[in-house]
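If you want the building blocks of each chain, they are given just below.
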Amino acid sequence: MSTPIHRTSTRQSAAVLASARRREDGSRTGSTSARPTERALLEMQSRAGNRATTAMVQRARDAGRGNAAANGASPQAKKNYRDRIAALLDRFKKNLEPVDTFVKGFQTPTNAAFTQQAAVAANESLKHSTAASGTSAASGNLLTEAAGTVVNGMDAYKNMKDARKHETGADHHRANRKAKTKGVDTVVGAAGSGSYSAAIAKEVTKIQKAADAAVASEASGIAGASVGTVKGIRSAFRIGRAAGKYQQIKKLGDPHLVQAGALARLNESREQADWAAAQAYVALDSYWKHEGPGRLELVSEAIDAAWEAMAEARDAGETLQRAENDVEKLSTVQQYAKKKQLTKIGKEAAGGGGESVKAAAGVVTAVAAGTVGLASNPVGWGLAGAGAGLVLGVTLYKALRAATKRYEEVHHPERWAPQGETPAEAASRTESLKHALKFWKKVSKGERQAMAREIYALAAGPDISGHTTAEMRESARSLLIALKSGPAQHKLEPDAWAETLNDPAKTSGWIAEIAEQLASG
């Protein structure tokens, strides 16, 4: 039986908001100085961040209640609690990500600029306001990072179990790779959470005008620099892996050239079959004109020979046409695979560069904190702003691409529908836009999934794709190896690996594996 879910009173949420307003009002009335434009902007930032975060938390909580109630009423009431908690936390994190993006891309670098201005002008009121806004920003970052760390840790544990369950094959490789990736994400997230905690401590010491503010700033700068450096190094490794995969795919060569010999042989077979059919019809014509005993029997045999020759010619023509189509498909998926790796290199270079710049800003913070203070030197906040701009640009690019794919998924379902499957009914423009804005949902029927199906269809065994030529199948399997989905990654001998490609029960696992390898470095 599922554990009953008790509804949290809405008064409690209202009390939290009211308490937050009283604190904001108290901070406003507690200052006796003038209200410059900068201070008003910072207060507005802080209130917007707090209210948006509260709204996101409440939305995730309500969604969690609805999901829990649905699960309790369904036959899957005994579903593993860990999976339910992980799904709830993941939804919670994704609801916070828009606020987190705003904070990292706008509020934090703006705070750094105002901090520098306040120090130059010796404006204690502005210093206090920037510290309050910085505390709000770091708190939002910490909440998102901590939630992501927990989710990644749970995912890493789950995939470790799955990797042990599936000792070999595509399912093992996919789970093992995810376990490693999520494990590293957990470690980096924990370090990031520590860095944001240090940033909160730094801002609190500024608000309280504590004597150890310089020490807190130095510690925060060191933590930020360390995390930024780790993320930058990780991006460099990802760039290296994506570049290596790109080079391996490029070495496969143009399928039109690689398969030129095979196509020429198929074309020669077609020409020979056409010539044999023509000869059979000439013989049939001569028998029709033949006068003598046994004429009808000879004509009947000639008709059978002509029909057989025509069938062989037709089969040879269809085989050639399918091979030519397969070459075009292989060329398309190889170009797509290379494009995905180049795109990944670009995103990692921009994101990793942003983290490296932010790390440099942290170094400046740590060094300046022990001397004249970061705020008197615009280099620190300039680096922080530049790094945040790069990271924000990559985040917005990813968000826009994902929204576009979600829109196409429901507005043009026929575009990437599996072959032989009846596409779903196309949604209206309004409904498609609503679906596109559901940033917490992943695309399940997009271009990448369609390309994965094409690659699998070319590489699968004769029991699944019997019309594919041996040469084409070999080229497609070479592409799988270049995508790091070969026998070595699956812990199988080449023959056993080939057998998994000929097993219909493993089709879905193979397609999921290929789709993920197309996206990863």
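Model, not experiment: these values are computed from the prediction.

When you go through the protein chain residue by residue, the secondary structure sums to 16 helices and 0 strands. When burial is assessed residue by residue, the protein chain has 38% of its 521 residues classed as buried. Sequence-distant contacts in the protein chain: of pairs separated by 6 or more residues, those separated by 24 or more amount to 77%. Accessible surface, the protein chain as shown: approximately 27700 Å² in total, 59% of it carbon and sulfur.

In this section: the packing of aromatic side chains. Tallied over the entire structure, the rule returns 1 aromatic pair. Ring geometry for Trp497 and Trp510: centres 6.1 Å apart, planes at 70 degrees, overall edge-to-face. You can see Trp497 sitting in helix H15 (residues 494-501) and its partner Trp510 sitting in helix H16 (residues 507-519), a full 13 residues away along the chain. Overall, the relative accessible area of 1% leaves Trp510 in the buried class.

Right, let's talk about the environment of Ala350 for a bit. Relative to the assigned elements, Ala350 resides in helix H9 (residues 295-369). Assessed through its relative accessible area of 25%, Ala350 is described here as partly exposed. For Ala350 and Gly232, which are 118 residues apart along the polypeptide, the C-alpha to C-alpha distance reads 9.9 Å.

A few words on the nonpolar core. The biggest cluster of nonpolar side chains holds 31 residues, and the ones touching the most others in it are Ile455, Leu480, Trp510, Ile514 and Leu518. Elements supplying a minimum of two residues to this core: H9, helix H12 (447-459), helix H13 (470-482), H15 and H16. Formed by 7 residues, the second largest nonpolar core is a distinct cluster that contains Ala277, Ala306, Ala313 and Ala316.

When the charged atoms of two side chains lie near each other, side chains of opposite charge can form a pair. Applying the stated rule across the entire model yields 12 salt bridges. For Arg270, the salt bridge is made with Asp274, and the minimal N-O distance between the two is 3.1 Å. Here Asp274 and Arg270 lie together in helix H8 (residues 260-289), a separation of 4 residues that amounts to about one turn. Between Asp503 and Lys506 there is a salt bridge, and its shortest N-O distance comes to 3.1 Å. The exposure class assigned to Lys506 is partly exposed, which follows from its relative accessible area of 38%. Linked by salt bridges that have partners in common, Arg177, Lys178 and Glu516 make up one network.

The next point concerns a negative patch on the surface. A cluster of acidic side chains, namely Glu297, Glu301, Asp304, Glu308, Glu312, Asp315 and Glu318, defines a negative patch on the protein surface. Within the secondary structure, Asp304 sits in helix H9.

To continue, consider the packing of H13 against H15. Two elements in contact, H13 and H15, have axes whose closest approach is 13 Å; the angle formed by their N-to-C orientations is 105 degrees. As summarised for this structure, H13 and H15 are arranged roughly perpendicular, according to the angle between their axes. Contacts between H13 and H15 involve Arg477, Leu480 and Ile481 from the former and Trp497, Ala498 and Leu501 from the latter. For the contact of H13 with H15, the residue count by class is 5 nonpolar, no polar and 1 charged.

What follows deals with the confidence of the model for the protein chain. Taken residue by residue, the protein chain gives an average pLDDT of 77. The fraction at 70 or more is 70%. Under a pLDDT of 50 for its full length, residues 1-34 has, in the predicted model, 25 contacts with residues more than four places off or in other chains. Between residues 370-376, whose pLDDT stays under 50, and residues either more than four places distant or in other chains, the model counts 13 contacts.

Turning our attention to the environment of His128. With respect to the secondary-structure elements, His128 resides in helix H4 (residues 124-165). His128 sits 76 residues away from Val204 along the chain, and the two C-alpha atoms are 9.6 Å apart.

The rules behind these values
- Residues numbered from 1 in each chain as written.
- Predicted model: local features only at pLDDT ≥ 70, side-chain atom pairs only at ≥ 80, totals over all residues.
- Heavy atoms only, no water.
- Helix = DSSP H or I, 4+ residues; strand = E, 2+ residues; numbered from the N terminus.
- Buried < 20%, exposed > 50% of the residue type's maximum accessible area, 1.4 Å probe, protein only.
- Contact = heavy atoms within 4.5 Å.
- Areas by Shrake-Rupley, 256 points an atom, 1.4 Å probe, with all protein chains shown as cover.
- Phe/Tyr/Trp six-rings, centres within 6.5 Å; stacked < 30°, edge-to-face > 60°.
- Core = buried A, V, L, I, M, F, W, Y, C linked by side-chain atoms within 4.5 Å.
- Salt bridge = Lys/Arg side-chain N within 4 Å of Asp/Glu carboxyl O.
- Patch = residues over 30% accessible without salt bridge, like charges linked within 9 Å, V, L, I, M, F, W, Y side chains within 5 Å.
- Lys, Arg positive; Asp, Glu negative; His and termini not counted.
- Charge placed at Lys NZ, Arg CZ, Asp CG, Glu CD.
- Axes fitted to C-alpha atoms, helices over the stretch in contact; angles between N-to-C directions.
- Parallel < 35°, antiparallel > 145°, perpendicular 65-115°, else oblique.
- Nonpolar A, V, L, I, M, F, W, Y, C, P; charged D, E, K, R; others polar.
- pLDDT = per-residue confidence, 0-100.

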